[in-house]
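Take a look at the letters that make up each chain.
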Protein chains: 2
Amino acid sequence: MCEANAYRVGDGEETLIMESVDVVEPDGSDAWRLASIFGEQKNIRGRIKRMHLVDHKILFEEIEEQN
Amino acid sequence: MCEANAYRVGDGEETLIMESVDVVEPDGSDAWRLASIFGEQKNIRGRIKRMHLVDHKILFEEIEEQN
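This report concerns the structure included in the present document. (Residues numbered from 1 in each chain as written. Chains lettered and ligands numbered in written order. Predicted model: local features only at pLDDT ≥ 70, side-chain atom pairs only at ≥ 80, totals over all residues. Heavy atoms only, no water.)

For the structure on display, the rule yields one disulfide over all chains. At a sulfur-sulfur separation of 2.2 Å, the disulfide partner of Cys2 of chain A is Cys2 of chain B. As the torsion about the S-S bond is roughly -65°, the Cys2 of chain A-Cys2 of chain B disulfide counts as left-handed. Here Cys2 of chain A, found in the segment before strand S1 (4-10), pairs with Cys2 of chain B, found in the segment before strand S1 (4-10), and the two come from separate chains. For the pair Cys2 of chain A and Cys2 of chain B, a shared accessibility class is recorded, and that class is buried. (Disulfide = S-S within 2.5 Å. Helix = DSSP H or I, 4+ residues; strand = E, 2+ residues; numbered from the N terminus. Buried < 20%, exposed > 50% of the residue type's maximum accessible area, 1.4 Å probe, protein only.)

So, about the relation of the copies chain B and chain A. Overlaying chain B with chain A gives an RMSD of 0.0 Å, the required rotation being 180° about an axis along which the chain moves by 0.0 Å. Within this description, the copies of the chain are treated as partners about a two-fold rotation axis. Within chain B, Cys2 of chain B has its C-alpha nearest the rotation axis, a separation of 2.5 Å. Here 100% of the interface residues in chain B have copies in chain A that are interface residues too; the copies meet face to matching face. (Least-squares fit on C-alpha atoms with pLDDT ≥ 70 in both. Contact = heavy atoms within 4.5 Å.)

Let's shift gears to the interface of chain B and chain A. Taken together, the contact pairs 22 residues of chain B with 22 residues of chain A. For the chain B and chain A pair, buried surface summed over both sides reaches about 1900 Å², with 64% attributable to carbon and sulfur atoms. Summed over the three residues of chain B that lose the most area to chain A, namely Cys2, Met51 and Leu53 of chain B, the buried surface amounts to 35% of that side. In this assembly, chain B and chain A are joined by two salt bridges. Notably, a salt bridge pairs Glu25 of chain B with Arg50 of chain A, separated by 2.7 Å at the nearest N-O pair. Put simply, chain B and chain A have 10 residue pairs in polar contact (both at pLDDT 80 or more) between them. Those elements that provide at least two residues to the side of chain B that touches chain A are strand S2 (13-26), strand S3 (31-36) and strand S4 (41-52) of chain B. Considering each element in turn, the side of chain B that touches chain A owes the most residues, six residues, to S2 of chain B. (Buried area = accessible area lost by both parts, 1.4 Å probe. Salt bridge = Lys/Arg side-chain N within 4 Å of Asp/Glu carboxyl O. Polar contact = N/O pair within 3.5 Å; in protein donor to acceptor, adjacent residues only side chain to side chain.)

As structure tokens, this is what we get:
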């Protein structure tokens, strides 16, 4: 399976937001809806800093989780 | 390998922009740098419409390839 893990980057640290993310969709300006292969969903505000798919990583910065 | 293919979506069609994308990084507002596992690079303007990682797809809309 080729899902990725989503992390918040800040203060030089990566904090896991969601594991095994399958779908990433914009949800307005600088806001995203994440859905995992397990059916979990999260809406976050923030910007994509970098995606590194071979490393299974999606990094977000300046984020705020909404639910 | 868990890279994805990047497509432009418009007029109900998906057109391949780059195969086997590994890295996606913002390059300003609504602009992105793509890098494939083969070392190919492309800069595009446009918005992410949807990423579906299990399907190996990144869909961009309203895009314009810059190089």
